[in-house]
Amino acid sequence: MIRMDERTTQKIERGGASTMLPDGRAGVQVSFQYRSSIGQGDTNVRRLRLMDEFRRLETELQPYGVRLAMNSLSPSAQTVEGIVPLDRFDEVNQRMTEQGVRVDVVVTRQVV
C-alpha cells in the first residue's frame, strides 16, 4: 500500500503529477480498482453495476474531498480515475483497502 509521506509528496509535486483542487489544496490523480467480482453479464450490465458501486464510494469519500471521473470508467479493468487531496491520501487509501478497492497514483510518462 502506498503511503503519502513527505518524500513521496515531493516526488509527485516535482514530477508535475499534482493538481490544484478548487479549494486550493494539492491533489493527485489516482485510479480506483474494484477488486471483487462484479458478476456476470455483458459489458453494459457490468458497466451499470460498476457505476453504482463507484457512485456509492464517491458519496462515502465526498467528505475527504475526493472526486471521481465517471466518464473514465472501465468495465474490463473495473477501474475509474479520480482526484484525491494529498493531505487525505493515506486515509482514503486505507479506507478503500479495507473495502477491497485498490488505489494507485496515475503516473504519466513521456516516451522520447
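Relevant structure appears above.
Along each chain, numbering runs from 1 in the same order as the chain's sequence is written. Residue-level local features of this predicted model are given only where pLDDT is at least 70; pairs of side-chain atoms are given and counted only at 80 or more, and the full residue set underlies all totals for whole chains, interfaces and linings. To get the side-chain values, all heavy atoms of the structure are used, and hydrogens and water are removed first.

Q: Summarise the environment of Val 106; cite the residues concerned and give the values.
A: Segments assigned H or I by DSSP are reported as helices when at least four residues long, segments assigned E as strands when at least two residues long, and all are numbered from the N terminus. Here Val 106 is to be found in the segment after strand E5 (101-105). Between the C-alpha atom of Val 106 and that of Glu 81, which follows or precedes it by 25 residues, the distance is 8.4 Å. Any pair of residues with heavy atoms lying within 4.5 Å of one another is described as a contacting pair. If near-sequence neighbours (up to four positions away) are discounted, Val 106 is found in contact with Gln 29, Val 30, Ser 31 and Glu 81.

Q: Kindly report on the packing of helix H2 (residues 43-61) against helix H3 (residues 89-98), identifying the contributing residues and their values.
A: A fitted line through C-alpha atoms represents every axis, and for helices the fit uses only the stretch in contact; the resulting angles, taken between N-to-C directions, go from 0 to 180 degrees. Axis separation between H2 and H3 bottoms out at 12 Å; the angle between their running directions is 140 degrees. Judged by the angle between their axes, H2 and H3 are oblique. Like other packed secondary-structure pairs, H2 and H3 cross with a definite hand, here right-handed. Only Val 92, Arg 95 and Met 96 of H3 make contact with H2, whose side of the interface consists of Leu 57, Glu 60 and Leu 61. By definition in this entry, angles of less than 35 degrees are roughly parallel, angles greater than 145 are roughly antiparallel, angles of 65 to 115 are roughly perpendicular, and the rest are oblique. Should the near helix be turned anticlockwise from the far one by less than a right angle, the crossing is termed left-handed; should it be turned clockwise, right-handed.

Q: Explain the pairing of strand E3 (residues 67-74) to me, using residue names and the numbers behind them.
A: Where E3 and strand E4 (residues 79-85) come together, four bridges link them in antiparallel fashion. Looking at the pairing, Leu 68 lines up with Gly 82 of E4. Each pair of strands is called paired provided DSSP finds at least two bridges between the two strands. Turn length for the E3-E4 hairpin, with the two strands adjacent in sequence and antiparallel, is four residues, and the turn residue Gln 78 shows positive phi of about 55 degrees.

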